[in-house]
Amino acid sequence: MPASMASWRPWRPWRPRSTCAGSFVRGDKVALAGFGNFEALLAKPRTGHIPRTGEKVDIGENRGPKFTAGRTLRAAVAGES
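Residues numbered from 1 in each chain as written. Predicted model: local features only at pLDDT ≥ 70, side-chain atom pairs only at ≥ 80, totals over all residues. Heavy atoms only, no water.

**Examining a nonpolar patch on the surface**
On the surface, L32, F35 and F67 cluster together to form a nonpolar patch covering roughly 250 Å² of accessible area. By the element assignment, F35 lies in the loop between strand 1 (30-32) and strand 2 (36-43). (Patch = residues over 30% accessible without salt bridge, like charges linked within 9 Å, V, L, I, M, F, W, Y side chains within 5 Å. Areas by Shrake-Rupley, 256 points an atom, 1.4 Å probe, with all protein chains shown as cover. Salt bridge = Lys/Arg side-chain N within 4 Å of Asp/Glu carboxyl O. Helix = DSSP H or I, 4+ residues; strand = E, 2+ residues; numbered from the N terminus.)

**Brief notes about the pairing of strand 2**
Bridging between strand 1 and strand 2 involves three bridges; their strand directions are antiparallel. From the neighbouring strand, L32 faces strand 2, where its bridge partner is G36. Between the end of strand 1 and the start of strand 2, which pair antiparallel, lie three residues, with G34 showing a positive phi angle near 80°. Direction of pairing for strand 2 relative to strand 5 (residues 62-69): antiparallel, over a ladder of eight bridges. From the neighbouring strand, L42 faces strand 5, where its bridge partner is R63. (Pairing = 2+ DSSP bridges.)

**Re the packing of aromatic side chains**
When we look at a pair of aromatic rings, we describe it by the centre distance and by the angle of the planes. Enumeration over the complete set of coordinates arrives at three aromatic pairs. Seen from their ring centres, F38 and F67 are 4.8 Å apart, and the 45° between their planes marks the pair as tilted. With F38 in strand 2 and F67 in strand 5, this pair connects stretches of sequence that are 29 residues apart. Residue class for F38 comes out partly exposed when judged on its relative accessible area of 24%. Take F67: its relative accessible area is 35%, and that puts it in the partly exposed class. Aromatic rings pair up to connect F35, F38 and F67 into one cluster. (Phe/Tyr/Trp six-rings, centres within 6.5 Å; stacked < 30°, edge-to-face > 60°. Buried < 20%, exposed > 50% of the residue type's maximum accessible area, 1.4 Å probe, protein only.)

**Quick word on the sheet that holds strand 5**
If you walk across this open sheet you meet the three strands as 1-2-5, and the pairing is antiparallel. Only two strands of the sheet have a single partner each, and these edge strands are strand 1 and strand 5. Ignoring which end each strand starts from, the neighbouring axes of this sheet average 25° apart. (Axes fitted to C-alpha atoms, helices over the stretch in contact; angles between N-to-C directions.)

**Thoughts on the confidence of the model for the protein**
Caution applies to low-pLDDT parts of the model: their predicted coordinates are not meant to be read in detail. Taken residue by residue, the protein gives an average pLDDT of 81. The fraction at 70 or more is 77%. Mean pLDDT across the secondary structure elements of the protein bottoms out at helix 1 (residues 3-6), with 57, and peaks at strand 4 (residues 56-59), with 96. (pLDDT = per-residue confidence, 0-100.)

**Describing the pairing of strand 3 (residues 46-49)**
It is a general feature of regular strands that their side chains alternate between the two faces of the sheet. Across four bridges, the pairing between strand 3 and strand 4 is antiparallel. Opposite R46, over in strand 4, you have I59 as the bridge partner. In textbook terms, the turn of a hairpin is the stretch between consecutive antiparallel strands, and for strand 3 and strand 4 this stretch comprises six residues, one of which, G54, has a positive phi near 80°.

As structure tokens, this is what we get:
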């Protein structure tokens, strides 16, 4: 392969993974029509424990994804048309 082709990559104008991830970082909701909604939720800090020792541990706030299925997806899974 020629050296000029070694760094060649196909052009991709739209990158859904990076677009969705950027929306989560900003705290926006991502809606996919007919499929569902994704959003990032913030979990409050809490106190947990280590099961083996019983020691109490402080768990800080955490952000995680939440998915809510759309009406079309729920109907398809239930077998309705």
